[in-house]
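Per-entry structural report
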Amino acid sequence: MKTTKLIASLSLLICAQACAAPQTWITNVKLVSPEKLDSIVTGSVLIEDDRIVRVERGAGHKAPKGARTIDGKGGYLTPGLIDSHVHLYAVPGMSFEQADKMKTMAADYFAQMPRSFLYYGYTTVIDLAAGSRTFIDRVKASPLHPDIYDCGAPLVFANGYPSAYASPETRFDTFSNFIYDPAQADKIPARFKPEDYTPAKGVARVKADNAICVKTHFEHGFGAMHNLPVMSPAVYAEVRSAATKEGVVLVTHGNSFEAQTFAVNGGVDVLAHGMWHWGALDKEKELPAEIKQLLDKIVERKIGFQPTMQVLYGLGAYFDPAYLNNPALAKLLPPAMLAWLKTPEGAWFKQEIAEDETDAVILRGMEAPLRRQAQVVAYLASKDANFVFGTDTPSSPTYGNIPGLNGYLEMQDMHKAGMSLAQVFKSATINNARTFKIDAQVGTIEAGKVANLVLMKMSPLADIRAYDSVDTVWVRGKQAARGSLAVKQ
């Protein structure tokens, strides 16, 4: 009996030594963590399994015995970046019908897509309209992918945006988490009962789906559809109350002065777009006082603001002959897909945008919305607003919103519009983490956080090009050199 106990004790001792979780010691790096931007010092980080277990500031600290040592060669170690506005279940440059028809090409894109986010350091993404739980789970099952959070199925207003863009026969099945509108009872199939489609029931469905946020919309539409129904302040108040009760972040799509006024007055947590439509004030050259007053409320209430400037610039890609020759695209898109996008068939969406207008006319038409958007960003930046980085990738069937690259371009747009490098950095790290209530997991370099880290050759506080100088990425402790994340040619 004593012998048996002795053997068992020895086995436990041996396992405690030999079976211990492997540790990684990242050293000789400059620590760039958003809560300590006044203290960029050389240091080291210890990872065990998928967590940061120690952060040492200052040189001279020794690696723990048995730990694998990574020499950062004086590079800049940052928290993994967060893109809080993506749509994973869409192929840039393809309609859903085209993606279904060209299954092999779409499958190759989806296999590369999570790696493309990582290529530019985005180790966490938030899908604001997770239309397919099966698809999200499939991405999560891929060998290397960003952490994925989502808002579940979007909570749409009956026959409003975006459901109105689906046929009347399919829209209530495609957008099944909707709010019943008694005024439209004759336009809603009888099988859907009003009591099952209240704001509270819709938010509860999102929560039951393990979502961290709920996505709503205030959008009258565009193009041929520009009089879509929107929810009333009373209905929105019910959504706000339900979101608070369920503990989910309330996100609202709205790119106009009217929409953002509605959402801010209703207690929104995150505005999912910049403001490029000013309505009756569109012809104003300077930022009107009425808009400044609204923006001051956004600042005061610390509402998360996503500029999403690449939504418009992404459309402009069709009128930029150099765009598809960007060397970065060959690293992020399967060769067959990139080749197809360069064909007339692959440029199909350009006609949807341009109709019969010339390229010059279309580009001139984008100037005013881009100017208005930049003016809003500049004003908010001057007040140090709560910017939360999001790209809306892809925002539509445009090929101008490619995962990863779209984030890098968005950062350049934001900086050019007036955001400081520190504001850009914080928007993609600590601001996103705090606003979406995932800061216990990510957003800073601290012991206990998930080991999502990015090693850059340049400082993101010195040059916006640092975001294209990624050397190595860690996702939940798994290390990947940047080159290994690119498409295999």
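Residues numbered from 1 in each chain as written. Predicted model: local features only at pLDDT ≥ 70, side-chain atom pairs only at ≥ 80, totals over all residues. Heavy atoms only, no water.

Considerations on the overall build of the protein chain
Along its length, the protein chain carries 17 helices and 17 strands. Computed over C-alpha atoms, the radius of gyration of the protein chain comes to 24 Å, within 12% of the 23 Å expected from 2.2 N^0.38 for 489 residues, which places it in the range of a compact globule. If you line up the protein chain on its principal axes, its C-alpha atoms span 80 × 55 × 50 Å. When burial is assessed residue by residue, the protein chain has 55% of its 489 residues classed as buried. For the protein chain, long-range pairs separated by at least 24 residues make up 69% of all intrachain contacts whose partners lie at least 6 apart in sequence. Carbon and sulfur atoms make up 56% of the accessible area of the protein chain, which totals about 21200 Å². The averaged location of the 50 negative side-chain charges in the protein chain is 8 Å from the averaged location of its 51 positive side-chain charges. (Helix = DSSP H or I, 4+ residues; strand = E, 2+ residues; numbered from the N terminus. Rg over C-alpha atoms; globule rule 2.2 N^0.38 Å. Buried < 20%, exposed > 50% of the residue type's maximum accessible area, 1.4 Å probe, protein only. Contact = heavy atoms within 4.5 Å. Areas by Shrake-Rupley, 256 points an atom, 1.4 Å probe, with all protein chains shown as cover. Lys, Arg positive; Asp, Glu negative; His and termini not counted. Charge placed at Lys NZ, Arg CZ, Asp CG, Glu CD.)

Section: helix α8 (residues 257-265)
The α-helix winds at 3.6 residues per turn, so residues separated by three or four positions along the chain end up facing the same way. Within α8 the residues assigned to the buried category are F257, A259, Q260, F262, A263 and V264. Against the buried residues of α8 lie α7 (233-246), β12 (249-253), β13 (270-271), α9 (289-300) and β14 (304-305). Remark: G267 follows α8 within two positions and exhibits a positive phi of approximately 90 degrees.

Things to note about the confidence of the model for the protein chain
Any segment with low pLDDT has predicted coordinates that should not be analysed in fine detail. Here the protein chain averages 94 in pLDDT, while 96% of its residues score no lower than 70. Note that residues 1-19 has pLDDT below 50 and, in this model, two contacts with residues that lie over four places away or in other chains. (pLDDT = per-residue confidence, 0-100.)

Section: the packing of α8 against α9
The N-to-C vectors of α8 and α9 enclose an angle of 35 degrees; their axes lie 11 Å apart at closest approach. By crossing handedness, the relation of α8 to α9 is classed as left-handed. Only E290, I291, L294, K297 and I298 of α9 make contact with α8, whose side of the interface consists of F257, Q260, T261, V264 and N265. For the contact of α8 with α9, the per-class residue count stands at five nonpolar, three polar and two charged. (Axes fitted to C-alpha atoms, helices over the stretch in contact; angles between N-to-C directions. Left-handed = near helix turned anticlockwise from the far one by under 90°. Nonpolar A, V, L, I, M, F, W, Y, C, P; charged D, E, K, R; others polar.)

Remarks on the pattern of salt bridges
Going through the model one piece at a time under the given rule, you end up with 15 salt bridges. One salt bridge in this structure joins D282 and R372, with 3.3 Å as the shortest N-O distance. A residue pair is termed long-range when its members are at least 10 positions apart, and D282 in the loop between β13 and α9 and R372 in helix α14 (residues 359-382) qualify at 90 residues. Among the residues examined, R372 registers a relative accessible area of 6% and is labelled buried. Note that K350 is salt-bridged to D359, the shortest N-O span being 3.2 Å. Given the relative accessible area of 25%, K350 is considered partly exposed. For D359, a relative accessible area of 32% puts it in the partly exposed group. (Salt bridge = Lys/Arg side-chain N within 4 Å of Asp/Glu carboxyl O.)

Observations concerning the nonpolar core
L295, I298, L380, M411 and Y467 are the most contacted members of the largest nonpolar core, which has 113 residues in total. Counting 17 residues, the second largest nonpolar core, distinct from the first, contains L128, C213, V251 and I438. (Core = buried A, V, L, I, M, F, W, Y, C linked by side-chain atoms within 4.5 Å.)

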